[in-house]
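Each chain is listed here by its residues.
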Amino acid sequence: MTYQETARRKAEALRGATGVKILALETSCDETAAAVIEDGRKILSNVVFSQIDLHELYGGVVPEIASRAHMEACDRVVDQALREAGLELAEIDALAVTKGPGLVGALLTGVNCMKGLAFAAGKPLVGVNHIEGHVSANFLSHPDLEPPFLCLVVSGGHSHLVEVREYGEYRLLGQTMDDAAGEAFDKAARVLGLPYPGGPRIDALAEEGNPEAFQLPKPKTEGRFDYSFSGLKTAFINLVHGIEQRGEPLPRADLAACFRRAVCTELTEKARAVISDHRSVVRKGSDLRSQISGHDDGDREIRFAMAGGVSANRELRRMAAKMCETLGAKLYMPEIHLCTDNGAMIGSAAYYRLMRGELAELSLNAEPALRLVNGDQ
Ligand code: KG4
Ligand code: ZN
């Protein structure tokens, strides 16, 4: 029997089974991360080896250094994930790996590592979209969360508003026209002289600053649910340079607080528009009979989730909580350690693909520009 036939048979036997254990590997950027997940929801182990120390010197991720570091760390991290879960490879039902988007060399190390392991052990393999992984981090933190729900995906490379219609099925509602929110945070941190990665550093510094100390422009976009952060970023850089040129000391905490407030206000305002709009569509769609009987679908609770590295931002979490309370929507956010890159979220996303029989072939390749939905950037 070929590897593919063996894998398919094993995957078919897993449908409807409980206690399905997936070993997942994530290497799309600067974290080598592996995890064991049970039934898509339960974390048995979650090991994250960060390369930040290696890249900090250069002020950002150096792709070549990232690939080499992944290659050195893959085996160890996978072994550790198995050990911490108290399992042997033989007890794992399926394997999963991030296939994109991300740095091509970094992705390839993970893809090749897991393809080799899958072939050698004769186990089914699932190729996972990294962004879908971020969305799925919510399934780990919230056992009750099921599609459909709305989701704001904010990471170093993405700022998307999507509707999660079903497991693995998305509708794009809005996206950034230029920089991603995480990218904007990282660039703003750089002009403040903060080390990479800048987002968490700005976030921490901003806690001590006055968010009203400076005025920053409000981004303009054509689409009601779209984002733009490049104008805001340029205005911030000009503001900082102006202070420096006057020879004044930089009020770093105030500047960080103003920038964070501006980005988070923009993120939540568009999310608010999407939630309000969605609610009115649900109301219009609810039929007369259910309205008369009092079971109006229009009163159905709207679920709003956040995902990706930037969803760890304290101000964004506070603003989203307030917004959802006002709108009567239910808010879901991954725990902080599951917002940034990890293997657990890849294992969760893989489970639902595996249950639908979506297996990778041994020709699986890295897809650096993979999208979540057709039409997104
Ligand atoms: O999701 P992620 O770990 O990797 C990507 O898929 O891109 O996101 C990393 C991004 C970086 O830009 C980082 O600065 C940002 O998320 N980030 C934050 C915070 N924690 C991470 N941005 C703002 N506030 C934070 N607390
Ligand atoms: Zn990520």
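See above for the structure.
Here goes a summary of the coordinates provided. Since the structure is predicted, the reported quantities are computational estimates derived from the model, not experimental observations.

Procedures and definitions
Residues numbered from 1 in each chain as written. Chains lettered and ligands numbered in written order. Predicted model: local features only at pLDDT ≥ 70, side-chain atom pairs only at ≥ 80, totals over all residues. Heavy atoms only, no water. Salt bridge = Lys/Arg side-chain N within 4 Å of Asp/Glu carboxyl O. Buried < 20%, exposed > 50% of the residue type's maximum accessible area, 1.4 Å probe, protein only. Helix = DSSP H or I, 4+ residues; strand = E, 2+ residues; numbered from the N terminus. Pairing = 2+ DSSP bridges. Axes fitted to C-alpha atoms, helices over the stretch in contact; angles between N-to-C directions. Contact = heavy atoms within 4.5 Å. Donors = N, O, S within 2.8 Å, 3.2 Å for Na, K, Ca; no water. Tetrahedral: all angles 85-135°; square planar, octahedral: opposite > 155°, others 65-115°.

Re the pattern of salt bridges
And then number 1: A full pass over the atoms with the stated rule returns 25 salt bridges.
And then number 2: Here lysine 187 ties to aspartate 179 by a salt bridge, and the two come within 4.0 Å at their closest N and O atoms.
And then number 3: Using a relative accessible area of 33% as the deciding quantity, one classes lysine 187 as partly exposed.
And then number 4: Taking the shortest distance from any N to any O, the salt bridge between arginine 318 and glutamate 207 comes out at 3.0 Å. On the criterion of sequence distance, the pair formed by arginine 318 in helix α11 (residues 314-327) and glutamate 207 in the loop between α7 (198-206) and α8 (230-245) is long-range, its members being 111 residues apart.
And then number 5: We classify arginine 318 as partly exposed; its relative accessible area is 41%.

Quick word on the sheet that holds strand β2 (residues 31-38)
And then number 1: In space, the 5 strands of this open sheet follow the order β3-β2-β1-β4-β5, with mixed pairing throughout. Each having just a single partner strand, β3 (42-50) and β5 (125-129) make up the two edges of the open sheet. Taken pair by pair, the neighbouring strands of this sheet meet at an average axis angle of 20°, ignoring direction.
And then number 2: Across 6 bridges, strand β1 (residues 21-26) lies against β2 in antiparallel orientation. Across the sheet, the residue bridging to lysine 21 is glutamate 38, located in β2.
And then number 3: Helix α4 (residues 104-121) contacts β1, β4 (94-100) and β5 of the sheet and is inclined by roughly 155° relative to β4.
And then number 4: Where helix α5 (residues 130-141) meets the sheet, its contacts fall on β1, β2, β3, β4 and β5, and the angle it forms with β5 comes to roughly 95°.

Side note on the coordination of the zinc ion (ligand 2)
And then number 1: Around the zinc ion (ligand 2), the protein contributes the donor atoms His130 (NE2), His134 (NE2) and Asp341 (OD), which lie 2.0 to 2.1 Å from the metal centre.
And then number 2: What the 6 donor atoms of the zinc ion (ligand 2) show is an angle range of 54 to 165° at the metal, which sorts the shape as irregular.
And then number 3: Positions of the donor residues of the zinc ion (ligand 2) along the chain correspond to the pattern H-x3-H-x206-D. With histidine 134 in helix α5 and aspartate 341 in the loop between α12 (336-339) and α13 (344-355), the pair connects residues that are 207 residues apart, well separated along the chain. Taken as a pair, histidine 134 and aspartate 341 share a single burial class, namely buried.

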